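So you can see what is in the structure, the chains are spelled out below.
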Amino acid sequence: MARSTQPVSTVPGLAAACVVAALILGTLAAVAFRAEAGHGFLFADWAALRFTLTQAILSSIISVVLAVPVARALSRRRFAGRRVLIALLGAPFILPVIVAILGLLQVFGRSGWISELLAQFGAPPIRIYGMHGVVLAHVFFNLPLATRLILQGWQEVPSERFRLAAQLGCEGRSLFRLIELPMLARIVPGVAAVIFAICLTSFAVALTLGGGPRATTVELAIYQAFTYDFDLGRAALLSGLQLVLTAAAAFTALKLSREGGFGAGLDRTIHRWDGGAPIVDAIWIILAAVFLLLPLSAVVMSGLEGLFTMPPVVFKAALISVAVAAASTAILLMLALPMAATIAVRRHGLVELSGILGLAASPLVIGTGLFIIIRPVADPTSLALPVTALVNATMALPFALRILVPAAQDTVLRHGRLALSLNMKGRVFFTRILIPRMRAQIGFAAGLSAALSMGDLGVIALFADPEFATLPLQIYRLMGAYKMQAAAGGALLLLVLSMTVFWILDRGGRWHVED
Amino acid sequence: MLKIRSCMITNGAFKLHADLDIEAASSVAVIGPSGAGKSTLLEAIAGFRDITDGRVSWNGHDLTNLAPGKRPIAMLFQDGNLFPHLTAEQNAALGLRPSGKLSRAEHLQVKAALERVGLAGMEARKPAHLSGGQQNRVALARVLLQHRDLLLLDEPFAALGPALKAEMLDLVAELVAETGTTLLMVSHDPQDARRITRKALLVADGTAHPLADTTQLLNNPPPALSAYLGTNQTH
């Protein structure tokens, strides 16, 4: 009958969703099977749990508390560079963690800029390793995200409200209570929950700035159980703990947060009549910009010097990273496009669920599971790169679907009828209509996925092989060997590569798009 | 002959009953008040709406459960009749092959069809670089290439100015006459109906009424139609 006729088949999308579900749930089952119930949690495991929760709560609260005044300032001020700054707030999402950490070390580290400045006044240097550093790095990554999300909340307040408030002579604190507080009360819990969930799965930050019995996250503890002790049972047990944590946090975040997040239309300034103190807003904006830009400029500056001291192995690692990112992006598109098409023609529980499973899964848990599954049949280290590409693609999938699904729905809605009347269905509709119409979104999703994969320092660390390393892992190794200059050079190279692949793919998607 | 036998067409809470015949190679205007279900009727015939009861057949072949693309029907919608990322030639070629892969002979056919609708030399343009009238011409070229027995027009020319619309309707009339196609055309404007159809089909009060003579129907409209046309003051 007419209603069941659709221009694309739902079968490939279902198959892709099954692959994703099998990967995430299968590795989980492997881990659960391996976890020894009698083993119990050690004291160190409880410490890891406590540290994980504490740092995530602190990071989330600090990010949100700082984001509110910055977002408020951005929402009501118009200045040169405002658009650039708002666009820049999106950059940390694709910024490789290791690059940011090198930058933060340059600025806040023991021999960093601020410590040197303090030394001028005879003050002791800052201690960055441990809780401070982990929270600092998390705030660096999540303050921009929180600012964007809260800014969106401000933009969505209808301008009539502000007009009415101005008409009533409502200003300052009473305006805040009347309009802004209710908006914040609606938005902030979701933002805080999202950041909390992100910080729970933090691995690379904890690996580089944490460590030691007092600053180990669960994710890092899995890695340590795995690499230092090769205690698969304990790694599995910790994975189970991590899974409960992330699933609960992801569920809460999804419940509390609303649709959107990559939000369009952040350029609009709200017209307000209450003024506020321009100088206070300016200070917040400048502080936020400096906090974001200083570490990045530090990486660029020290990286330029380091470029010439890099050992050849760095270039090899860069090539490997490009290949892994390309493979990961290809896998992502093979999974995400059929899934998006399926969701577009018919809402399908399994497909949508598989699409968000990746938010709850932790890459280290999937990695542990894959290791357990692969080991009886093959040498896991020999499969390090394919596994990394696969896990990276799975992790990027929820974001990719969020970008692709609305475009797919729109295409089916706008062109489905005409295509059906021309008997264009299945593969023909997919390749001739759906893909070309979604080019811009495909480019954006591919760019994100490639950049995320390029900068990922997660599962590769589990499977690492002394011969083969991706660029982020190689930089980490250089840091471990105290070759900070070469590490900085590598970080600059990684930064340029990540931003370039993102730019090329995103641009490629929008090139000559006709509408 | 298109036979619509005691059909019940449902669109949400809206129900439309139809029981009528349309002769092959005739041109029929579908008229009636806004929201009466003119588009719904066409969409049901084309296979985009569920027919909950009854049957639709063409020359004795049952169409009721056929997919839209398998019916002997070409349809032009109010908008979105071209794919914006394909050239005029590629859009027209879809009428021959949905895959767009054409043989040499088929290429020539596409070229000829575009020439027939007055678009020689514009094959490589994309819809954004064509005027509204030219876009409709591309869609008509595709209809020509589709070689379907029935053409359903759901006001594809509504956005055009009066002169251009008349021009397009004349082109449709010519093409339909050349190919012996049966035409069903929704119209808001009595002038359009008079211009190219002899028969008309009134959709009003939840019913698609059997055909009547276009001129007679418009000259002596039943109450539901006259209220819509605004002619009741004169009676």
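The structure displayed is predicted, hence computed values, not measured ones.

Participant: So what about the pairing of strand E7 (residues 150-154) of chain B? Which residues, and what values?
Facilitator: All names here are of chain B. The element E7 is largely enclosed, with a buried count of five among its five residues. Neither face of E7 is left uncovered, since the one carrying Leu-150, Leu-152 and Asp-154 and the one carrying Leu-151 and Leu-153 both have all their residues buried. Bridge analysis of strand E6 (residues 73-76) against E7 gives four bridges, and the strand direction is parallel. The residue bridging Ala-74 from the neighbouring strand is Leu-151, located in E7. One ladder, built from five bridges, connects E7 with strand E8 (residues 182-186); its direction is parallel. Of the residues in E8, the one forming a bridge with Leu-150 is Thr-182. With helix H5 (residues 162-179) bridging E7 and the parallel E8, this β-α-β connection has right-handed handedness.

Participant: How would you sum up helix H14 (residues 349-360) of chain A? Please name residues and give values.
Facilitator: All names here are of chain A. The end-to-end C-alpha distance of H14 is 17 Å, a good match for the 16 Å that twelve residues give at a rise of 1.5 Å each. Turning to H14, its buried residues are Val-351, Ser-354, Gly-355, Leu-357, Gly-358 and Ala-360. Where H14 is buried, its residues meet helix H1 (11-34), helix H11 (232-256), helix H13 (312-345) and helix H16 (384-421).

Participant: Account for helix H3 (residues 104-116) of chain B, naming residues and giving values.
Facilitator: Residues and elements named next belong to chain B. Helix length check: H3 (13 residues) gives 18 Å between terminal C-alpha atoms against 18 Å at 1.5 Å per residue, within 8%. Residues of H3 that are buried include every one of Glu-106, Val-110, Ala-113 and Leu-114, and no others. Burial along H3 is one-sided: seen end-on, the buried residues are contained in an arc of 95°. Turned more than 90 degrees from where H3 packs its buried face, Arg-104, Leu-108 and Glu-115 sit exposed. Its buried side turned inward, H3 meets helix H2 (88-93) and helix H4 (132-146). Of the residues flanking the end of H3, it is Gly-118, one or two places downstream, whose phi is positive at about 85°.

Participant: How would you summarise the packing of aromatic side chains if you had to cite specific residues and measurements?
Facilitator: Residue and element names in this part refer to chain A. Tallied over the full model, the rule gives ten aromatic pairs over all chains. Judged by centre distance (4.7 Å) and plane angle (85°), the rings of Phe-226 and Phe-371 are edge-to-face. One end of the pair, Phe-226, is in helix H10 (residues 218-227); the other, Phe-371, is in helix H15 (residues 363-374), and 145 residues separate them in sequence. Owing to a relative accessible area of 3%, Phe-226 belongs among the buried residues under this scheme. Taken together, a centroid distance of 5.5 Å and an interplanar angle of 65° make the contact between Phe-371 and Phe-463 edge-to-face. Of this pair, Phe-371 sits in helix H15 while Phe-463 sits in helix H19 (residues 459-463); the two residues are 92 residues apart in sequence, bridging distant segments of the chain. Looking at Phe-463, the relative accessible area reads 0%, which means it is buried. Above the face of the Phe-468 ring, Lys-316 is positioned so that its terminal group lies 5.2 Å from the ring centre.

Participant: An account of the UniProt feature "domain: ABC transmembrane type-1" (unreviewed entry) in chain A is needed here, citing residue identities and associated values.
Facilitator: Residue and element names in this part refer to chain A. Following the UniProt record, one finds the feature "domain: ABC transmembrane type-1" (unreviewed entry) at residues 49-253 and 318-505. In residues 49-253, the share of helix is 76% and the share of strand is 0%. The end C-alpha atoms are 19 Å apart. The span residues 318-505 is 83% helical and 0% strand by assignment, and the distance between its end C-alpha atoms comes to 18 Å.

Participant: So what about the domain arrangement of chain B? Which residues, and what values?
Facilitator: Residues and elements named next belong to chain B. Looking at chain B, the domain boundaries give domain 1 (1-72 + 152-235) and domain 2 (82-147). Between the C-alpha centres of domain 1 and domain 2 the distance comes to 26 Å. Contact between domain 1 and domain 2 buries roughly 850 Å² in total, counting both sides, with carbon and sulfur atoms accounting for 66%. For domain 1, the biggest contributors to the area lost against domain 2 are Met-168, Leu-171 and Leu-175; these three give 50% of the whole.

What counts and what doesn't
Residues numbered from 1 in each chain as written. Chains lettered and ligands numbered in written order. Predicted model: local features only at pLDDT ≥ 70, side-chain atom pairs only at ≥ 80, totals over all residues. Heavy atoms only, no water. Buried < 20%, exposed > 50% of the residue type's maximum accessible area, 1.4 Å probe, protein only. Helix = DSSP H or I, 4+ residues; strand = E, 2+ residues; numbered from the N terminus. Pairing = 2+ DSSP bridges. Right-handed = clockwise from strand over helix to strand, strands pointing away. Expected span 1.5 Å × (residues − 1). Contact = heavy atoms within 4.5 Å. Arc of directions from axis to C-beta. Phe/Tyr/Trp six-rings, centres within 6.5 Å; stacked < 30°, edge-to-face > 60°. Lys NZ or Arg CZ within 6 Å of the ring centre and 35° of its normal. UniProt positions renumbered as here; feature names shortened; annotations may be inferred. Domains from an automatic or database assignment. Buried area = accessible area lost by both parts, 1.4 Å probe.

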